[in-house]
Amino acid sequence: MKIKTITLQGFRGFNQKQLIDFHPDLTLIYGPNSYGKTSITEAVEWLLYGSTSKVDKGEFKDEYKGSYRNCHLDANASTFVKVDFSFESDQVEFESELVDEDQYNRRVDGNPVEQWPIDPELASISRPFIMQHALKYLLLVPPDQRFKGFAQLLGLDKLGALQTDFDSICIKPKSSIPTEVATFCSQIDSLESSLAARPAFNNLYSLYSLFRKGKEPFTSFSTALFNECRNFVPGGTPDESVLPNLLKIRDDSIKKIFSGSITLTPYSDEDRTSNSADLQYFVKVVSEDLIRQYSELVKLQTSDIIIQQSQFYDIGLEFLEKEPNQCPFCGQQLTDSIVEHIKKKHQQAKSETDRFSTLLNQQQSFLDTLSEIERRLTNCQLRHTLRLTTFLSIINSLDQLSKILLPKHKAHFASLQEAITLLQEVNHGLDKSYRIATEALKAAKLSVLQSKENVALINELGKKLIDYSNIVLTSVNSISAQEPPMSNANAILKHELNLLAGTEDITLLIDLNEKQRSIRKAFEIDSILAGLKGLRKTINQYVGTKMLDAVSNEMTQDVMDWYDQIRTKGDPKVHFSGFDMDKTSKGEIKSRRVQIKASSYGKDLISAVSSLSEAKLNALGLCLSIATNLKPGCPFDFLFIDDPIQSWDEEHSAQFIEIVRNLVIKGKQVILLTHNKNWLDLVRKGCRSFNGLYYEITYYNESGPTIIEKPWCTWTQRLEEVYAISNDETADAVRLQHADEELRLAVTDITSALYLKIKGVQKDANKLNAREVRKCLLECGLPDGLIDRINQTFDITDDAHHITDYSTHRERIRCYHNYVHELAQTLK
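Residues numbered from 1 in each chain as written. Predicted model: local features only at pLDDT ≥ 70, side-chain atom pairs only at ≥ 80, totals over all residues. Heavy atoms only, no water.

S.K.: Would you mind showing me how to read the confidence of the model for the chain here?
M.R.: Should pLDDT be low for a region, the predicted coordinates there are not to be read in detail. Mean pLDDT over the chain stands at 86; residues scoring 70 or higher make up 92%. Across residues 797-806 the pLDDT falls below 50, and counting only partners more than four positions away or on other chains, this stretch makes 14 contacts in the model. (pLDDT = per-residue confidence, 0-100. Contact = heavy atoms within 4.5 Å.)

Here's what the structure looks like:
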């Protein structure tokens, strides 16, 4: 993708609407500081990315609020940036309009889009903008941020993100595991704490600790646990009856104090799936199609009469087969026309009966749907009310509970009372909404059975089902919110009951017995989490090795190729020497630390960041940006370079001109912006053969910059070059074709200057072709013969000369060179 034109209005330094043409190879823009040249670069960046790197990297975001919109723009005018891109043989227009401080509307060829057609590629490639404020960003940021930046440039950002996720899990594993697993482990930890707190079970706790440390098998602990359990049951109790006996002893003791529990059953995954399926069904079941089917059933009101008529005709026609001319019911004589009439009426009745048969099937299908609604309503209601009824039964035991829990556990008792009040209201709301929905369902069903269909009834059913669905959603959330505090209250109740009943030891032994599998599972989880430390080291070394290979080989070579082009022979030998990864004293790669190396006369320095001059760091940042923008897979064939040579001396500035040439030769469209006019003149001379576009920003006020297109070179220079090439006997076809192009440009430059001199109107030389040149010269009053001769030069110099059988002719070029000199004389 290359840029053909950009149109700006109200963006940054641009107030009034302006259009700028870009050359497919090289465009140069000169402007003093604060004249708005960087706004051109930022406009294209904002168009593509929705923000600029300057804002993204700003430390205080509030200072950049509203900075995209020009403060002088009329309140009713819109801020927009529009760019025409050329893509292979096609052209596409991207437009972005600012609608808020950071919101925008995007359009492609005038059609609204959510994202650009190239959006998936944008995040993974380097931005085609080399800005002075960002040149050294990756060089000076902390090593971890440098690692992230390099990973993105090298296409390893997903690998880096994976490493970050693993680090998060490995450093604090318990904070990263699912809530259910964390709760499970917490329960086992609590059980272990209870065991440690019982002096009577010191031996058992020692075996448990040895198992956790891997010094004893779990069977040792399990055997000791079983032997402890036997101490609490009668002698001679069979092994299989030990646990049941413990449970009975514990329960009998507790029942003497209190019988019951604070039970609010949590919703299982299956419950939640069923809830979701039922509620979606209730919301969607009463569709327009169902209402239409219901409405058609009204036609069945006349079905009984039609069916009886059909049956009557069936009987009569059977008798007519025996006595064709006599009515079987009254005995009168029948004419042939009457018989035909009877048969016709019979056929009509039969057709009506067949149609009613379809409606009867439709009626049964509708009744089946109502039955499915009823089944789902019943199941859904029971799913919630059964757990509510079970929980609310505790109301009858509140007095007993208050004596057990108060005053020691005042907060838990208060939360129980609050839960009872809240869930009573939930239960009442569910019951009321359920009754209303079922009544609407019965009314709809009765209307069908009695053939008294009324669309208002089915609409009402749909509304009540939606109302019920909303009540269920709210109720499930309310019930779920009370599950944790009620579980805690029940645990406190059990603890207090065990204290009162003297069954603490028995209860602990029961819990340990019942949770043996859970204890082993928790141990496995702890082992896995402990093993993550080793996994983290392995992953860090793997990612580091991948990054090391990328930065020390591919990236170092790419950047060095460009860096060497800036170096001069007189430079002190203190230079960037490559990228590396920091390593430990054992040679292991340090995680996420990219090192920028430098050397001084063959000796390694600590770091390029601390050792290189400001100018060389700028050069290194520039070469890094260029190298990453030339990586394969980039959809952009353009590159903005904004004020690249700040703090550089003349020698290095001159070296950079060769880099500009090489970028163009490699196929990049370069847009070079600077406040250094003298250097830009050198760029034009050094890139003379590209015949690019050159702009000067000559003035700036509240309307925005005044941008003037200037000639790439003078027409006299062009004619001198044509003369030199045409007289060089060694000039090949490529150079002769270049002479053709110079002739065309000289003709358009001279014509533009002549038209301005005679008519007082500036014509854009870059947009003049053979037809436009002839028209201008005629308006200037030039002799017809001269005009014809000049027009003849376009036989080889017009755009149409790029055809497969085109060939240059040295003598013809010399001849046309004379014609153009003759045209130039008219300027004097």
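Right, picking up where we left off after that structure.
S.K.: I keep staring at the packing of helix α10 (residues 218-230) against helix α19 (residues 504-514) and nothing clicks. Help me out?
M.R.: Think of two packed helices as two axes; the pair is described by the angle between the axes and how far apart they sit. Running from N to C, α10 and α19 cross one another at 145°; their axes reach a closest spacing of 10 Å. As for the relative orientation of α10 and α19, their crossing is left-handed in sense. Across from Phe221, Leu225, Glu228 and Cys229 in α10, the residues of α19 making contact are Leu509, Leu512 and Asn513. Of the residues in the contact of α10 with α19, the class split is five nonpolar, one polar and one charged. (Axes fitted to C-alpha atoms, helices over the stretch in contact; angles between N-to-C directions. Helix = DSSP H or I, 4+ residues; strand = E, 2+ residues; numbered from the N terminus. Left-handed = near helix turned anticlockwise from the far one by under 90°. Nonpolar A, V, L, I, M, F, W, Y, C, P; charged D, E, K, R; others polar.)

S.K.: What is the right way to look at unusual backbone geometry in this model?
M.R.: Peptide bonds are mostly trans, and most non-glycine residues show a negative phi. Proline 407 follows leucine 406 through a cis peptide bond whose omega is 0°. The topology assignment puts proline 407 in the loop between α16 (398-405) and α17 (410-449). Residues other than glycine seldom take positive phi values, yet arginine 12 does so here, at roughly 50°. Mapping arginine 12 onto the fold places it in the loop between β1 (2-9) and β2 (18-21). Classification of arginine 12 by relative accessible area gives partly exposed; the value is 27%. Here tyrosine 601, not a glycine, exhibits a phi torsion of approximately 50°, which is positive. The topology assignment puts tyrosine 601 in the loop between β10 (589-600) and β11 (603-604). (Buried < 20%, exposed > 50% of the residue type's maximum accessible area, 1.4 Å probe, protein only.)

S.K.: Is there a simple way to think about the packing of helix α6 (residues 157-171) against helix α20 (residues 516-566) in this case?
M.R.: One way to put it is that α6 packs onto α20 with a least axis distance of 10 Å and a crossing angle of 160°. As judged from the angle between their axes, α6 and α20 are roughly antiparallel. Relative to α20, the crossing made by α6 is left-handed. Contacts from Leu159, Gln163, Phe166, Asp167, Ile169, Cys170 and Ile171 of α6 reach α20 at Leu532, Leu535, Arg536, Ile539, Asn540, Tyr542, Val543 and Lys546. (Parallel < 35°, antiparallel > 145°, perpendicular 65-115°, else oblique.)

S.K.: Looking at this structure, how should I read the pairing of strand β6 (residues 104-108)?
M.R.: Bridge count between strand β5 (residues 90-98) and β6: five bridges; the pairing is antiparallel. Bridge pairing in β6 places glutamate 97 opposite asparagine 105. Following β5, the chain reverses through five residues before pairing antiparallel with β6. Where β6 and strand β7 (residues 111-113) come together, three bridges link them in antiparallel fashion. The partner of valine 108 across the bridge, within β7, is asparagine 111. Hairpin geometry of β6 and β7 is characterised by an intervening segment of two residues between the two adjacent antiparallel strands and by a positive phi of about 50° at aspartate 109. (Pairing = 2+ DSSP bridges.)

S.K.: I'm lost on the nonpolar core in this one. Help?
M.R.: Most often, soluble globular proteins keep nonpolar side chains buried together rather than apart. Within the largest apolar cluster, 58 residues are counted, with the highest numbers of intra-cluster contacts made by Leu26, Val559, Phe576, Phe579, Ile641, Phe656 and Leu672. Counting residues per element, this core draws most heavily on α20, at twelve residues. Ignoring anything within four residues of it in the chain, the contact list for valine 559 reads Phe576, Phe579, Leu620, Cys623, Leu624 and Ala627. Among the nonpolar cores identified, the runner-up in size contains 51 residues, and Leu367, Leu377, Phe391 and Val472 belong to it. (Core = buried A, V, L, I, M, F, W, Y, C linked by side-chain atoms within 4.5 Å.)

S.K.: Sorry, what's going on with empty space enclosed by the protein here?
M.R.: Any empty space left between the atoms is revealed when a probe the size of a water molecule rolls over them. In this structure the tally under the stated criterion is three cavities of 30 Å³ or more. One number sums up the size of the largest cavity: a volume of about 40 Å³. In terms of lining, the largest cavity is formed by Leu154, Glu554, Met555, Asp558, Val559, Ala627, Thr628 and Lys631. At the level of secondary structure, the elements contributing two or more residues to the lining of the largest cavity comprise α20 and α22 (614-629). The leading source of residues in the lining of the largest cavity is α20, at four residues. Of the residues in the lining of the largest cavity, the class split is four nonpolar, one polar and three charged. (1 Å grid on protein atoms, 1.4 Å probe; cavity = no way out; pocket = protein on both sides within 12 Å on 5 of 7 lines; lining within 4 Å. Points joined across faces, edges and corners; volume = space filled by probe spheres on them.)

S.K.: What should I look at first to understand the environment of phenylalanine 129 in this one?
M.R.: Structurally, phenylalanine 129 is set in strand β8 (residues 129-130). In this structure phenylalanine 129 comes out as buried when scored by relative accessible area, which is 9%. It is 9.5 Å that separates the C-alpha atoms of phenylalanine 129 and isoleucine 671, two residues lying 542 residues apart in sequence. Discounting residues that sit within four places of it in the chain, phenylalanine 129 has contacts with Thr41, Val44, Glu45, Leu48, Tyr49, Phe638, Leu639 and Phe640.

S.K.: Any chance you could explain the packing of aromatic side chains here in plain terms?
M.R.: Under the counting rule described, the total for this entry stands at 26 aromatic pairs. Measuring from centroid to centroid gives 5.4 Å for phenylalanine 11 and tryptophan 46, while their planes differ by 40°, and the two rings are tilted. Note that phenylalanine 11 is positioned in the loop between β1 and β2 and tryptophan 46 in helix α1 (residues 37-49), a separation of 35 residues in sequence. Of the two residues, phenylalanine 11 and tryptophan 46, neither departs from the other in class, the shared state being buried. (Phe/Tyr/Trp six-rings, centres within 6.5 Å; stacked < 30°, edge-to-face > 60°.)

S.K.: It is not clear to me how the sheet that holds strand β14 (residues 693-701) should be interpreted in this structure. Could you clarify?
M.R.: Where strands meet in a sheet, backbone hydrogen bonds hold them as pairs that are either parallel or antiparallel. A sheet is described by the order of its strands in space; here six strands give the open sequence β8-β12-β13-β3-β14-β15, paired in mixed fashion. Two strands lie at the open edges of the sheet, namely β8 and β15 (704-710), each paired on one side alone. Here helix α23 (residues 650-665) sits on the sheet in contact with β3 (26-30), β12 (638-642) and β13 (669-674), set at roughly 150° to β13.

S.K.: Please clarify how the sheet that holds β6 should be interpreted in this entry.
M.R.: Within the open sheet, the six strands sit side by side as β2-β1-β4-β5-β6-β7. Their pairing is antiparallel. Both edges of this open sheet fall to β2 and β7, since each of them pairs with a single strand only. The sheet shows a mean angle of 20° between the axes of neighbouring strands, taken without regard to direction. Where β1 meets strand β4 (residues 79-87), seven bridges bridge the pair, whose relative direction is antiparallel. By the bridge assignment, leucine 8 is partnered in β4 with valine 81.

S.K.: It is not clear to me how the side chain of glutamate 742 should be interpreted in this structure. Could you clarify?
M.R.: With respect to the element layout, glutamate 742 can be found in helix α26 (residues 733-759). Judged by relative accessible area, glutamate 742 falls into the buried class, the value being 0%. Apart from residues no more than four positions distant in its own chain, glutamate 742 is found in contact with Arg688, Asn691, Arg718 and Val722.

S.K.: Would you mind showing me how to read the layout of surface pockets here?
M.R.: Of the volumes computed, that of the largest pocket is approximately 1800 Å³. If you trace the largest pocket, you find 45 residues lining it, with Ser487, Asn490, Ala491, Lys494 and Lys515 closest to the centre. In terms of residue count, helix α18 (residues 455-501) provides more of the lining of the largest pocket than any other element does, 13 residues in total. Of the residues that constitute the lining of the largest pocket, the class distribution is 15 nonpolar, 18 polar and twelve charged. Volume-wise, the second largest pocket comes out at about 1300 Å³. Around the second largest pocket, the lining comprises 49 residues; the ones closest to its centre are Leu693, Glu709, Asp764, Asn766 and Lys767. Of all the secondary structure elements, the ones that give two or more residues to the lining of the second largest pocket are β1, β4, β14, β15, α25 (715-726) and α26.

S.K.: For this particular structure, what's the right way to read α16?
M.R.: For an α-helix, 3.6 residues make a turn, and residues three or four places apart therefore share a direction. If you check which residues of α16 are buried, you get Leu398, Leu401, Ser402, Ile404 and Leu405. Considered in projection along α16, the buried side chains sweep an arc of 165° and stay on one side of the axis. Opposite the packed face of α16, turned more than 90 degrees from it, sit the exposed residues Asp399 and Lys403. Packing partners of the buried residues in α16 comprise α17 and α18. (Arc of directions from axis to C-beta.)

S.K.: In this structure, what is going on with the side chain of asparagine 498? I would like to understand it.
M.R.: Within the secondary structure, asparagine 498 is located in helix α18. With a relative accessible area of 7%, asparagine 498 lands in the buried category. Of the polar contacts made by the side chain of asparagine 498, one reaches the side chain of threonine 503; its length is 2.6 Å. With near-sequence residues (within four places) excluded, asparagine 498 lies in contact with Arg250, Ile254, Thr503, Glu504 and Thr507. (Polar contact = N/O pair within 3.5 Å; in protein donor to acceptor, adjacent residues only side chain to side chain.)

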